[in-house]
Amino acid sequence: MAALTDVDTEGWTQRFDLLSDPNRLEILLSLHRVPGICVGDLAAAVGRSENAVSQALRVLRQQGWVSATRVGRQVSYQLEDP
């Protein structure tokens, strides 16, 4: 059995914090269902403003959960680890 000091409690705390927000969780689930979706389509799918979705995606990108691909002016998002 692993000692408690071997557990990455800080990392798990960050993961649970990200997943505890219903908006971010819904965005992650939507990206799982439709990888490569753009902000506008994602906002419509989850019923939120593009600004709110963009802010959530920024947090998810910073934490390494989501990546973005730009083609011209279009930016599509996908899970970093499906």
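Just so you know, these numbers come straight off a predicted model, no measurement behind them. (Residues numbered from 1 in each chain as written. Predicted model: local features only at pLDDT ≥ 70, side-chain atom pairs only at ≥ 80, totals over all residues. Heavy atoms only, no water.)

**Some thoughts on helix α4 (residues 50-62)**
A rise of 1.5 Å per residue sets the reference length of α4, with its 13 residues, at 18 Å; its end C-alpha atoms lie 18 Å apart and thus fit the reference within 8%. Structurally, α4 contributes buried residues whose contacts are with α1 (9-20), α2 (22-33), α3 (39-46), β2 (66-71) and β3 (74-79). Just beyond α4, the residue with positive phi is Gly64, at close to 85 degrees. (Helix = DSSP H or I, 4+ residues; strand = E, 2+ residues; numbered from the N terminus. Expected span 1.5 Å × (residues − 1). Contact = heavy atoms within 4.5 Å.)

**Digging into a nonpolar patch on the surface**
Nonpolar side chains collect at one region of the surface, where Val7, Trp12 and Phe16 lie side by side and expose about 320 Å² of accessible area between them. By the secondary structure assignment, Val7 is in the segment before α1. Relative accessible area serves as the criterion here: at 38%, Val7 is assigned to the partly exposed category. (Patch = residues over 30% accessible without salt bridge, like charges linked within 9 Å, V, L, I, M, F, W, Y side chains within 5 Å. Areas by Shrake-Rupley, 256 points an atom, 1.4 Å probe, with all protein chains shown as cover. Salt bridge = Lys/Arg side-chain N within 4 Å of Asp/Glu carboxyl O. Buried < 20%, exposed > 50% of the residue type's maximum accessible area, 1.4 Å probe, protein only.)

**Observations regarding the environment of Cys38**
Within the secondary structure layout, Cys38 lies in strand β1 (residues 37-38). Through-space distance from the C-alpha of Cys38 to that of Ile27 is 12 Å; in sequence the pair is 11 residues apart. Setting aside anything within four residues of it in sequence, one finds Cys38 in contact with Gln74, Val75 and Ser76.

**Let's talk about the packing of α3 against α4**
Helix-helix packing: each pair is described by the crossing angle between the helix axes and the interaxial distance. As a packed pair, α3 and α4 sit with axes 9 Å apart at the nearest point and diverge in direction by 105 degrees. Considered as vectors, α3 and α4 are oriented roughly perpendicular to each other. Judged by residue contacts, Val39, Gly40, Leu42, Ala43 and Val46 of α3 engage Glu50, Val53, Ser54 and Leu57 from α4. Split by residue class, the contact of α3 with α4 holds 6 nonpolar, 2 polar and 1 charged. (Axes fitted to C-alpha atoms, helices over the stretch in contact; angles between N-to-C directions. Parallel < 35°, antiparallel > 145°, perpendicular 65-115°, else oblique. Nonpolar A, V, L, I, M, F, W, Y, C, P; charged D, E, K, R; others polar.)

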